[in-house]
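# Summary of structural features
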Amino acid sequence: MLTKKLEARNLSCIRDERVLFSELNFVLTSGQVLLIEGANGAGKTSLLRILTGFRKPDDGDLFWDDLLIDDTQDFYQDTAYIGHNNGLKDTLTAEENLRYAQALASITATIDDALEQVGLNGYQDSLVRFMSAGQRRRLALARLLCTHKPLWILDEPFTSLDRASIKLFEQFITAHVMQGGLVIMTSHHDTQLPPSLVQKIHL
Amino acid sequence: MKHSSLFQAFGAVIKRDLSLAYRHRAELINPLAFFVMVITLFPLALGAEIALLKRIAPAIIWVAALLASLMSIENLFRSDYDDGSLELMVMTPHSLSVLVLAKVTAHWLLSSVPLLCIAPLMGLMLHMDSDVIGVLLLTLLLGMPVLSLIGGIAVALTLGLRKGGALLAILVLPLYVPILIFASSAVDAAMSGFPISGHLSMMSAILFLAITLTPLPTAAALKMSLS
């Protein structure tokens, strides 16, 4: 995987006339995790929405591989996202959901492999409606695995996961980063990620 | 690593929406039932005035089709917005306007095509002549996609509002008026034996204009709803 770089220069975000953060700078390169911490309402999700390009920063710029992220389409070529909602369709099966995600992005790993890796083997034909919250979260993770983008943006990835699943999630994040991927995530939980890989921002 | 083509993505969006609709068949029937019921009520209310019924039949069918389309368009982006799949659709390397066009195409297939199939039957029930029914179908064929396309903009704009229903109708109905006028005057002309090619050309022009232009503001409004 090629080395990639995400750089933020002087980002600031103002909501309802309150400054959530300003003059925020960071550089994230391949092989690193950016962990965004902060109390409720500190602006974690706002920062994440700026980084996903859904929201324009009130000031400052974002660069992907030294190119200003202006037209987001090239940036989205390399980006995968799991938000508060998993982005899964309740009335489609696990496999149909993943197949749709692949058709929109890219086809790399096979769907069966991805499901096997997150421990959902045998759930191919189950409707998402009948899955538990934790299983849906894992299915969303399988989506990251089978579309294979360098930059993962994860909003509270560990919500509704049990201890074993959190561990699994962390393993995949570590493996992805070790292979030269980049991860940006927010989390309330203490993470067990290797400290040498993690860069923290406290809002 | 193989990136998906725009064509694949377009097909995937349509296919997904069709299979979702197949799993919610009951919702699919609603606009169709509404269409049939509204039209059936007119002969009952007017009584045995066949001449009058024949005269206003095209207008009845068009207004019913327009309202049925408005009824079903509300859900175009709602569930995608609620479950987060809209975010995924925006975060693809593909042009969002093309994917919007795919969604609208799926909506047209699901809501308008069934109406088109049942409209001749409704025409017969209202004592329309068979050649006028032909013209009516042509206007529906050209006009209904425009309704879905224009409706898409308004739906995307009202997505952030919890109860956008009434506002949606206010936004959209004035924009539906031109297509309604051209369609009904085409059918009127056919009934009085005048040529209709002018009306149909105008409607085709509106259709192509809508196909090329409406996905852009819809995509922009969708992005705005996420910020």
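What counts and what doesn't
- By convention here, each chain's residues receive numbers from 1 onward along its written sequence.
- Here the convention is simple: chains get letters from A, ligands get numbers from 1, in the order in which they are written.
- Local features in a predicted model are, by the rule used here, given only for residues with pLDDT of at least 70; side-chain atom pairs are given and counted only at 80 or more, and totals for whole chains, interfaces and linings are based on all residues.
- Angles run from 0 to 180 degrees between N-to-C directions of axes, and those axes are lines fitted to C-alpha atoms, restricted for helices to the stretch in contact.
- Helix and strand assignments follow DSSP, with helices taken as H or I runs no shorter than four residues and strands as E runs no shorter than two, numbered in order from the N terminus.
- In what follows, roughly perpendicular refers to angles from 65 to 115 degrees, roughly parallel to angles under 35, roughly antiparallel to angles over 145, and oblique to any angle outside these ranges.
- In this scheme the handedness of a crossing depends on how the near helix is turned from the far one: anticlockwise by less than a right angle means left-handed, clockwise means right-handed.
- Contact between two residues is assigned when their C-beta atoms, built from the backbone, lie within 7 Å.
- We call two strands paired when DSSP finds no fewer than two bridges between them.
- Remark: C-beta atoms are placed from the backbone, and a residue is labelled buried if 20 or more other C-beta atoms sit within 10 Å of its own, exposed if 12 or fewer do, or partly exposed between those counts.

### A few points about the packing of helix H2 (residues 25-46) of chain B against helix H6 (residues 96-125) of chain B
All names here are of chain B.
- Where H2 contacts H6, the axes come no closer than 10 Å and their chain directions differ by 30 degrees. One way to sum up the angle between H2 and H6 is to call them roughly parallel. In terms of crossing hand, the pair formed by H2 and H6 is right-handed. Of the residues in H6, those touching H2 at Leu28, Pro31, Leu32, Phe35, Val36 and Ile39 are Leu110, Ser111, Pro114, Leu115, Ile118 and Met122.

### Details of the sheet that holds strand E10 (residues 198-202) of chain A
Residues and elements named next belong to chain A.
- If you trace the five strands from one edge of the open sheet to the other, you get E6-E8-E9-E3-E10, paired in parallel fashion. Strands at the two margins of the open sheet, each flanked by one partner only, are strand E6 (79-82) and E10. Within the sheet, the average angular offset between the axes of one strand and its neighbour, ignoring direction, is 15 degrees.
- With four bridges joining them, E6 and strand E8 (residues 151-155) adopt parallel strand pairing.

### Observations concerning helix H3 (residues 94-104) of chain A
- The element H3(A) is largely enclosed, with a buried count of nine among its 11 residues.
- Among the residues making up H3(A), those that are buried are Ala94(A), Glu96(A), Asn97(A), Leu98(A), Tyr100(A), Ala101(A), Gln102(A), Ala103(A) and Leu104(A).
- Tucked into the core, H3(A) has its buried residues touching strand E7 (106-107), helix H4 (111-117) and helix H5 (133-147) of chain A together with helix H1 (6-23) and helix H5 (85-90) of chain B.

### Concerning unusual backbone geometry
- A positive phi angle, close to 50 degrees, is found at Glu23(A), a residue other than glycine.
- For Glu23(A), the location among the structural elements is in strand E2 (residues 18-29).
- With 10 C-beta atoms packed within 10 Å, Glu23(A) lands in the exposed category.
- Within the chain, His127(B) stands out as a residue other than glycine whose phi angle is a positive 65 degrees.
- With respect to the element layout, His127(B) can be found in the loop between H6 and helix H7 (130-157).
- Taking the C-beta count within 10 Å as the criterion, His127(B) has 13 such neighbours and is therefore assigned partly exposed.

### Observations regarding the interface of chain B and chain A
- Taken residue by residue, the interface counts 23 residues in chain B and 29 residues in chain A.
- Listed by contribution, the elements that provide at least two residues to the side of chain B that touches chain A are strand E1 (2-3), H1 and H5 of chain B.
- Ranked by the residues each element gives to the side of chain B that touches chain A, the list is headed by H1(B), at seven residues.

### Some details on the environment of Lys5(A)
Residues and elements named next belong to chain A.
- Looking at the secondary structure, you find Lys5 in strand E1 (residues 5-15).
- Taking C-alpha positions, Lys5 is 6.4 Å from Ser30, a pair spaced 25 residues apart along the chain.
- Apart from residues lying up to four places away in sequence, Lys5 is in contact with Val27, Thr29, Asp65 and Asp66.

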